[in-house]
Amino acid sequence: MKNKEIAEIFDRIADALEFKGEQFFRVLAYRKAARIIEELTDDIDVLNKQDKLREIPGIGEGIAKKIDEFLKTGKMKKLAEAMQGISKDLLELLNIQNLGPKTLKLTSDELGVKNLKDLKRVIEDGSLTKLFRMGEKKVENIQKGIALFEHGKARTPIDRALEIADTVVKYLKKSRLIANATPSGSLRRMKETIGDIDILVSGKNGKKIVDYFTKMPGVMQVLASGDTKGSVILETDLEPIQVDIRIVPEKQYGAALQYFTGSKEHNVKIRSLAKEKGLKVSEYGVFRDKKTIAGKTEASVYKVLGLPWIPPEIREDRGEIEAALANKLPKLVELEDIKGDLHIHTNNSDAVNTLEEMVNAAIKLSYEYIAFADHSKAAFYANGLTEERLKREINAIAKLQISYNNIRILRGIEVDVLDSGKLDFSDEILSQLDVVVASVHQGFKKRVTERMCSAIENPNVDIIAHPTGRLISRRPGYDVNLEKVLEYAKKYHKIMEINAYPDRLDLNDIWTRKAKEMGIKIAINTDAHGIADLEWMKFGVSVARRAWLEKQDVVNTLKWKDLKNLLNIR
DNA sequence: GCCGTTTTCGGCCCGACTGTTTTCAGTCG
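No experiment lies behind these values; they were computed from the predicted model shown. (Residues numbered from 1 in each chain as written. Chains lettered and ligands numbered in written order. Predicted model: local features only at pLDDT ≥ 70, side-chain atom pairs only at ≥ 80, totals over all residues. Heavy atoms only, no water.)

Participant: Please set out the domain arrangement of chain A residue by residue, giving values where relevant.
Facilitator: We note that the domain assignment places domain 1 (3-154), domain 2 (156-248), domain 3 (253-325) and domain 4 (335-567) within chain A. Computed over C-alpha atoms, the centres of domain 2 and domain 3 are 23 Å apart. In this assembly, 18 residues from domain 2 lie in contact with 16 residues from domain 3. Summing both partners gives a buried area of about 1,300 Å² for domain 2 against domain 3, and 59% of it is carried by carbon and sulfur. Contact with domain 3 buries surface across domain 2, with Arg188, Arg189 and Arg246 losing the most and accounting together for 53% of the total. Linking domain 2 with domain 3 are 3 salt bridges, by the criterion used here. The partner of glutamate 298 in a salt bridge is arginine 188, with the nearest N and O atoms 2.8 Å apart. Scanning the region where domain 2 abuts domain 3 turns up 9 residue pairs in polar contact (both at pLDDT 80 or more). For the side of domain 2 that touches domain 3, the leading source of residues is strand 4 (residues 197-203), giving 5 residues. A breakdown of the residues in the side of domain 2 that touches domain 3 according to their chemical character gives 7 nonpolar, 6 polar and 5 charged. (Domains from an automatic or database assignment. Contact = heavy atoms within 4.5 Å. Buried area = accessible area lost by both parts, 1.4 Å probe. Salt bridge = Lys/Arg side-chain N within 4 Å of Asp/Glu carboxyl O. Polar contact = N/O pair within 3.5 Å; in protein donor to acceptor, adjacent residues only side chain to side chain. Helix = DSSP H or I, 4+ residues; strand = E, 2+ residues; numbered from the N terminus. Nonpolar A, V, L, I, M, F, W, Y, C, P; charged D, E, K, R; others polar.)

Participant: Requested: an account of the protein's contact with DNA strand B, with residues and values cited.
Facilitator: Residues in contact with DNA strand B amount to 47 residues; listed here are only the nearest, Gly58, Asn98, Thr103, Gly135 and Lys275. For DNA strand B, the backbone makes up 78% of the atoms found within 4 Å of the protein, where backbone means sugar plus phosphate. Taking glycine 62, its main chain carries an N or O atom lying 3.1 Å from a phosphate oxygen of DNA strand B. In this structure, a phosphate oxygen belonging to DNA strand B sits 3.0 Å away from a side-chain N or O atom of lysine 280. For the surface near DNA strand B, the secondary structure elements donating two or more residues are helix 2 (24-39), helix 4 (61-73), helix 7 (101-111), helix 9 (136-151), strand 5 (219-225), helix 14 (264-276) and strand 8 (280-282). Looking at which element gives the most residues to the surface near DNA strand B, the answer is helix 14, with 5 residues. Of the residues belonging to the surface near DNA strand B, the class tally is 15 nonpolar, 15 polar and 17 charged. (Near = heavy atom within 4 Å.)

Participant: Outline helix 12 (residues 206-214), supporting the account with residue identities and numerical values.
Facilitator: Within helix 12 the residues assigned to the buried category are Gly206, Ile209, Val210, Phe213 and Thr214. All buried residues of helix 12 lie within an arc of 130 degrees about the axis, which places them on one face of the element. The inward-facing, buried residues of helix 12 contact helix 10 (158-173), strand 2 (178-184), strand 4, strand 5, strand 6 (229-234) and strand 7 (241-248). (Buried < 20%, exposed > 50% of the residue type's maximum accessible area, 1.4 Å probe, protein only. Arc of directions from axis to C-beta.)

Participant: Go over the nonpolar core, please, and point to the residues and values.
Facilitator: Judged by nonpolar contacts, the single largest core of 92 residues is most densely connected at Leu172, Ile197 and Ile199. If you tally residues by element for this core, the top one is helix 10, at 8 residues. Formed jointly, this core draws a minimum of three residues from each of two domains, domain 2 (156-248) and domain 4 (335-567). If you look at the next biggest cluster of nonpolar residues, it comprises 47 residues, including Phe70, Leu91, Leu99 and Leu119. (Core = buried A, V, L, I, M, F, W, Y, C linked by side-chain atoms within 4.5 Å.)

Encoded structure:
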């Protein structure tokens, strides 16, 4: 698929045009196109051949033509034209905080800056300070931006970000000045990784609150501190992270929460919808002329626009506003709907807890069932089970089940899909199990699509685990044609997994939604290697919610007797 | 560049903070 490549080209064009001072909205159009194409699950080449590109909102005549040009010739004239006289190295510098397109253009025109090295040089020799509207402070801020840029501003995984946000909220709430504090932004939308942590605060004395905030333990640097806004870089035991707070009066909390939760794209659409109705939406409320007509609660903001409240997880401008207008919002699956976990490890392979300890932990979560899926023998690095040890585990589970009548303990395996495409255990053994979870753990570049498809064809296989194998910010995932794998899953009625391990979250939101649209059932599993990991279920549910999944799309929301039928368990 | 039951032209979300200025431009979210 050329989707990613094309999205990157449009982003590059947007950068170049922005740098050159092209009309803001034209730049925006390219950025929007890039985002849409990046999120597309269909092959752009196929869409183009079917002449369907123009049906996608945000892709018009101009962009469609450029895509066609690129797919046919491998080139795009517009890119070469936009890049005329500038280099990739120069545009990279736009990622430096406090250095925007205007300033970069000026340094390039006046001082001949072409790359990071040049930029550092003009700071060193003092020539940057001499530019129009440039002063010492601005240069200092650009230097700080460079430091962050060089450090590589990594995005923080959702689980870590939640912990940090929790610490900040606790600190804030200790102050009497503060009535309320809520994590918002991408954190509230439960994106898989978080850039900055945004926290909305209500209280009366903004200035004092910001002061208190910037004095929090661990603050390395204060980026901004005004009457209603504060921004700091916070030291953590991993990477430093930016934390922003925004202070509003109690009666504007809903409007501010709506605004601060985003996404930006969602808000742009909400605000333009308001405009059509002669209203104005800002973080201070919804206004008709100068009169406030909503804003105390988030629901009130949506209501005056004629919309039901929209759950934060789907506020990405991926059709949620249109669905809300048509009163067709999904009733999203919730953590409380989950009745079991179908992918759990024990100390029989590479995990820390025993069968019984895991069973007891599952009972505490009020689960009706759990399935043990230890590794198979090919996963020797994970102390995978041999046939003999699997048999022993099966017997142990049978024994355990006798003393636990309030939970069903399912006999399963996470069986490796071998390089040949065969499974690591014979059909005879697999057929004795309640749940077979198949996954690829090796040979990431060896015909992964074909191997997965042949695993799906095996009648003993129930679930395909972590279908792309990606590890967030660490490993891109297998070389796999997911579209084809999903088609097979659909054909053979197999279940696809959302692996809730925070570094995996695999399938992701976009592909899970695609799977749902194809009518494929999903299992949300933690892949727990210890009791504490069972809590990861909430991250998996968040992915499901971001993918618009409803309770009936997720197999482990089923009652035991229904799951039993689905899996044909004796 | 995209888009359209007010438009095929003229809009396109809205505001805070900072630094460098004497009223505003640039950056960010």
